[in-house]
Amino acid sequence: MNQTGDQKLIRSTTVLLVSRDGKTAMAGDGQVTLGETVIKGNARKVRRIYQGRVLAGFAGATADAFTLLSRFEGKLEQFQGQLERASIELTKDWRTDKYLRHLEALMIVTDGTDAFLISGKGDVIASDEGLLAVGSGSMYALAAARALMRNSELSAPEIASEALKIAGEICIYTNNDIIVEEI
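First things first, this report covers the structure right here in the doc. Fair warning: this is a prediction, and the values are worked out from it, not measured in the lab.

**Focus on the overall build of the chain**
Check the secondary structure of the chain and you find four helices and twelve strands. Computed over the C-alpha atoms, the radius of gyration of the chain is 16 Å, within 12% of the 16 Å expected from 2.2 N^0.38 for a compact globule of 183 residues. Judged by the C-alpha coordinates and their principal axes, the chain covers about 45 × 45 × 25 Å. Burial analysis of the chain (183 residues in total) assigns 48% to the buried set.

The structure is reproduced here in structure tokens:
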């Protein structure tokens, strides 16, 4: 949602994906902010979908994110769980569908083997370093996760959790009500 006139910008979320030693974890904070006000502190932005075999995390306008999540799960069903194919097909729809192209959200998806950041601009981005992040505090979480990957022996879920805690100490749109899922 763009800020125009009296309209307040909804800012919500930091979601981080960390892959290390054959394990993948995704963490998301719980804060949803309207203008300068926290309107929800325990939103769940990381979910298991496709019979629990895929993790999806989202940032952006809530209704838009849930619409995309539902569409993505449909693509997973259509393509028998092929994560990359479902991701590419979702971005094709997102770019060309008159309704979908106005949705403002980003998603990170993983099946534990592959992981992608998906955007409405048609991006399907895989990480070369086992890290992906979206949302208001994403750059803080990503920087913290990179440092932890390079300078610690922490596991993927531990890095995801610690990096989100650090992001929550810096970003006013990120809190420390953290959900971590591992696949």
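Once the structure has been displayed, the description carries forward.
**A few points about the sheet that holds strand β7 (residues 54-60)**
Strand order in this open sheet of five strands is β6-β7-β8-β9-β10, and the pairing throughout is antiparallel. Looking at the sheet topology across the chains shown, the edges are occupied by β6 (46-49) and β10 (124-126). Taken over all neighbouring pairs, the strand axes of this sheet differ in orientation by 25° on average, direction set aside. Of the strands in this sheet, β7, β8 (105-110), β9 (115-118) and β10 are in contact with helix α2 (residues 83-96), which crosses β9 at around 5°.

**What about the nonpolar core?**
If you look at the biggest cluster of nonpolar residues, it comprises 21 residues, and the most contacted ones within it are Ile49, Leu68, Phe72, Leu76, Met107, Val109 and Ile118. When residues of this core are assigned to their parent elements, the largest contribution, five residues, is made by helix α1 (residues 62-78). Aside from chain neighbours lying at most four places away, what touches Leu76 is Ile49, Tyr50, Val54, Gly81, Gln82, Leu83 and Ala86. Counting 19 residues, the second-largest nonpolar core is a separate cluster that includes Ala27, Ala141, Ile159 and Ile178.

**Overview of the packing of helix α3 (residues 138-151) against helix α4 (residues 156-170)**
Each pair of packed helices gets described by two things: the angle between the helix axes and the distance between those axes. One way to put it is that α3 packs onto α4 with a least axis distance of 8 Å and a crossing angle of 135°. Looking at the two axes, α3 sits oblique to α4. When you trace α3 past α4, the crossing you get is right-handed. On α4, the residues that touch Tyr140, Ala141, Ala144, Ala145, Leu148 and Met149 of α3 are Ile159, Glu162, Ala163, Leu164, Ile166, Ala167 and Ile170. For the contact of α3 with α4, the class distribution of residues is twelve nonpolar, no polar and one charged.

**Overview of the environment of Gly28**
Looking at where Gly28 falls in the secondary structure, it is placed in strand β3 (residues 23-28). C-alpha of Gly28 to C-alpha of Leu76: the two residues are 48 residues apart in sequence and 22 Å apart in space. With residues up to four places along the chain from it excluded, the contact list for Gly28 reads Thr14, Val15, Val46, Leu164, Asp177, Ile178 and Ile179.

**Points about the sheet that holds β3**
One open sheet holds the four strands; their spatial order is β11-β2-β3-β12, and the pairing between them is antiparallel. Here the strands that pair on one side only, and so sit at the sheet edges, are β11 (131-135) and β12 (179-182). Adjacent strand axes in the sheet meet at a mean angle of 15°, parallel and antiparallel pairs treated alike. In the packing of α3 onto the sheet, the strands contacted are β2 (14-20) and β11, and the crossing angle to β2 comes to about 20°.

**Points about α4**
Since the α-helix packs 3.6 residues into each turn, any two residues three or four apart lie on the same face. With 15 residues, α4 should cover 21 Å at 1.5 Å per step; its first-to-last C-alpha distance of 21 Å lies within 8% of that length. Listing the buried residues of α4 in full gives Ala156, Pro157, Ile159, Ala160, Ser161, Ala163, Leu164, Ala167 and Gly168. On its buried face, α4 is in contact with β2, β3, α3 and β12.

Reading guide: rules and limits
- Every residue gets a number counted from 1 within its own chain, in the order that chain's sequence is written.
- In keeping with the model being predicted, local features are shown solely for residues with a pLDDT of at least 70 and side-chain atom pairs are shown and tallied solely at 80 or more, while totals for entire chains, interfaces and linings include all residues.
- With hydrogens and water set aside, each side-chain value is computed from the structure's full complement of heavy atoms.
- For the purposes of this entry, the term helix denotes a DSSP run of H or I that reaches at least four residues, the term strand denotes a run of E that reaches at least two, and both are numbered from the N terminus.
- Every radius of gyration here is taken over C-alpha atoms, with the globule rule written as 2.2 Å times N^0.38, N being the number of residues.
- To sort residues, take the accessible area from a 1.4 Å probe on protein chains only and compare it with the maximum for the residue type: under 20% means buried, over 50% means exposed, and anything in between is partly exposed.
- Only strands joined by at least two bridges in the DSSP assignment are considered to pair.
- Here the axes come from fitting lines to C-alpha atoms, over the contacting stretch only for helices, and the angles between their N-to-C directions go from 0 to 180 degrees.
- Any pair of residues with heavy atoms lying within 4.5 Å of one another is described as a contacting pair.
- What makes a nonpolar core is a set of buried Ala, Val, Leu, Ile, Met, Phe, Trp, Tyr and Cys residues whose side-chain atoms join them at distances within 4.5 Å.
- For this classification, under 35 degrees means roughly parallel, over 145 means roughly antiparallel, 65 to 115 means roughly perpendicular, and everything else is oblique.
- Rotating anticlockwise by less than a right angle from the far helix to the near helix defines a left-handed crossing, while the corresponding clockwise rotation defines a right-handed one.
- Three categories are distinguished: nonpolar for Ala, Val, Leu, Ile, Met, Phe, Trp, Tyr, Cys and Pro, charged for Asp, Glu, Lys and Arg, and polar for the others, with Gly belonging to the last.
- Multiplying 1.5 Å by the helix residue count minus one yields the expected span of that helix.

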